[in-house]
Amino acid sequence: MAQHERDTPPPLPEPLRVPVADSHTHLDMQGATVEEALAKAASVGVTTVIQVGCDLAGSRWAADTAAAHDSVHATVALHPNEAPRIVLGDPDGWSRQGERAAGGDGALDTALDAIDALAALAHVRGVGETGLDHFRTGPEGMAAQQRSFRAHIEIAKRHDKVLVIHDREAHDDVLRILREEGAPERVVFHCFSGDAAMAKICAEAGYFLSFAGNVTFKNAQPLRDALAVAPPELVLVETDAPFLTPAPYRGRANAPYLIPVTLRAMAEVKGMTEDALATAVAANTARAFAY
């Protein structure tokens, strides 16, 4: 794809007849203003967005943005890759904070206390994205990642908030820790990345499965198989924008207004009408995030 194509936003899709929510987005990482992004999304039937925190600054921003906009709900957390950076340092400045020195367990505890305080706010609807990432964090960061995940589970349960899980190449460990700690009443697997067998395990536990634009990718048959067996009452749709732009726009920046593209592809996989899936997804998201 040529650079100018990559920089061109995908066109507005045909509006949905039944309004839905984008269950996971990062407005703070997108090119448009919040107002522009929300207006564009609403114009195609995406009338609610869940703004997800990944670090302390981003979680504060999510909470503030939700407080300022009725159609935005916030979740707050330290991303699984953030916890090891707090504890061990971030010499290459990979995350948005730039270069950071190692803070040790004390710094992680301080950050978790701040997340706990944010999670108590009424307009913060969830704790996440938290979980495990075996793709980006090596063995040296696992202890910090797991300690952070367990703490987030406890925070979600104490405040009766939904737990939003980031699970990258860590399925067995994520499910194990949820069992060991006792999962909160509501759990969302964001950008579900398991296969049909894992989808069945999650469904039996009553966990919500949120599907992103990668369900449309050519090589994503295992994801489509997972979606096919997922009960309609546990399915959510998300962008994870600006990432995971659905086909045929892969490679360009994602945004909440592209939810209809993913939802229509999902309806096809489920053998449901667009309206029936949109109706289910809208109800499921409201139930998951208690709004």
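From a predicted model like this one, the values you see are computed outputs, not experimental measurements. (Residues numbered from 1 in each chain as written. Predicted model: local features only at pLDDT ≥ 70, side-chain atom pairs only at ≥ 80, totals over all residues. Heavy atoms only, no water.)

**Describing the overall build of the protein chain**
Each helix and strand in the protein chain was counted, giving eleven helices and eight strands. Since a compact globule built from 291 residues should have a radius of gyration of about 19 Å, the 18 Å found for the protein chain is in line with a globular shape. When the backbone C-alpha atoms are referred to their principal axes, the protein chain occupies close to 50 × 40 × 35 Å. Counting the 291 residues in the protein chain, one finds 56% classified as buried. When contacts within the protein chain are restricted to residue pairs at least 6 apart in sequence, those whose partners lie at least 24 apart make up 72%. (Helix = DSSP H or I, 4+ residues; strand = E, 2+ residues; numbered from the N terminus. Rg over C-alpha atoms; globule rule 2.2 N^0.38 Å. Buried < 20%, exposed > 50% of the residue type's maximum accessible area, 1.4 Å probe, protein only. Contact = heavy atoms within 4.5 Å.)

**Details of the packing of aromatic side chains**
All told, the structure shown has three aromatic pairs when counted by the stated rule. Plain terms: the ring middles of Phe192 and Phe211 are 5.7 Å apart, the flat faces sit at 55° to each other, and that makes the pair tilted. With a gap of 19 residues between them, Phe192 in the loop between β6 (187-189) and α8 (196-205) and Phe211 in strand β7 (residues 208-211) connect regions that are remote in the sequence. Taken as a pair, Phe192 and Phe211 share a single burial class, namely buried. Every member of this aromatic cluster is reached through a ring pair, and the members are Phe189, Phe192, Tyr207 and Phe211. (Phe/Tyr/Trp six-rings, centres within 6.5 Å; stacked < 30°, edge-to-face > 60°.)

**Focus: the packing of helix α3 (residues 56-68) against helix α5 (residues 104-119)**
Put simply, α3 and α5 touch, their axes get as near as 10 Å, and they point 10° apart. The pairing of α3 with α5 is recorded here as roughly parallel in orientation. Contact residues: Leu56, Ser59, Arg60 and Ala63 in α3; Ala111, Ala114, Ile115 and Leu118 in α5. (Axes fitted to C-alpha atoms, helices over the stretch in contact; angles between N-to-C directions. Parallel < 35°, antiparallel > 145°, perpendicular 65-115°, else oblique.)

**Describing the pairing of strand β5 (residues 162-168)**
The element β5 is extensively covered by neighbouring structure, given that six of its seven residues are classed as buried. Pairing of strand β4 (residues 124-133) with β5, which is carried by six bridges, proceeds in the parallel orientation. Across the sheet, residue Gly131 finds its bridge partner in β5, namely His166. Tracing the backbone out of β4, into helix α6 (residues 142-159) and back to the parallel element β5 gives a crossover that is right-handed. Bridge count for β5 against β6 is three bridges, and the pairing is parallel. Bridge assignment links Ile165 to a residue of β6, and that residue is Phe189. (Pairing = 2+ DSSP bridges. Right-handed = clockwise from strand over helix to strand, strands pointing away.)

**Quick notes on the pattern of salt bridges**
This structure, assessed with the given rule, holds 13 salt bridges. Salt-bridge contacts for Arg158 lead to Glu154; the nearest nitrogen and oxygen are separated by 2.7 Å. Of the two residues, Arg158 and Glu154 both sit in helix α6, four residues apart, roughly one turn of that helix. Looking at Glu154, the relative accessible area reads 37%, which means it is partly exposed. Here Asp173 ties to Arg176 by a salt bridge, and the two come within 3.4 Å at their closest N and O atoms. Residue Asp173 and its partner Arg176 are both found in helix α7 (residues 171-181); the two are separated by three residues, about one turn of the helix. Look at the salt bridges and you will find they share partners, linking Arg150, Asp173, Arg176, Glu180 and Glu181 into a network. (Salt bridge = Lys/Arg side-chain N within 4 Å of Asp/Glu carboxyl O.)

**A few points about unusual backbone geometry**
Negative phi is the rule for most residues except glycine; trans is the rule for most peptide bonds. The peptide bond linking Gly128 to Glu129 adopts the cis configuration, its omega dihedral lying at 15°. Mapping Glu129 onto the fold places it in strand β4. Residues Ala241 and Pro242 are joined by a peptide bond in cis, for which omega reads 15°. Along the chain, Pro242 turns up in the loop between β8 (235-237) and α10 (259-270). Despite not being glycine, Glu169 has its phi angle at roughly 55°, a positive value. Relative to the elements of secondary structure, Glu169 occurs in the loop between β5 and α7. Residue classification places Glu169 among the exposed residues on the basis of a relative accessible area of 54%. Phi is positive for Leu244, close to 55°, though the residue is something other than glycine.

Honestly, it's all geometry; don't read function into it.
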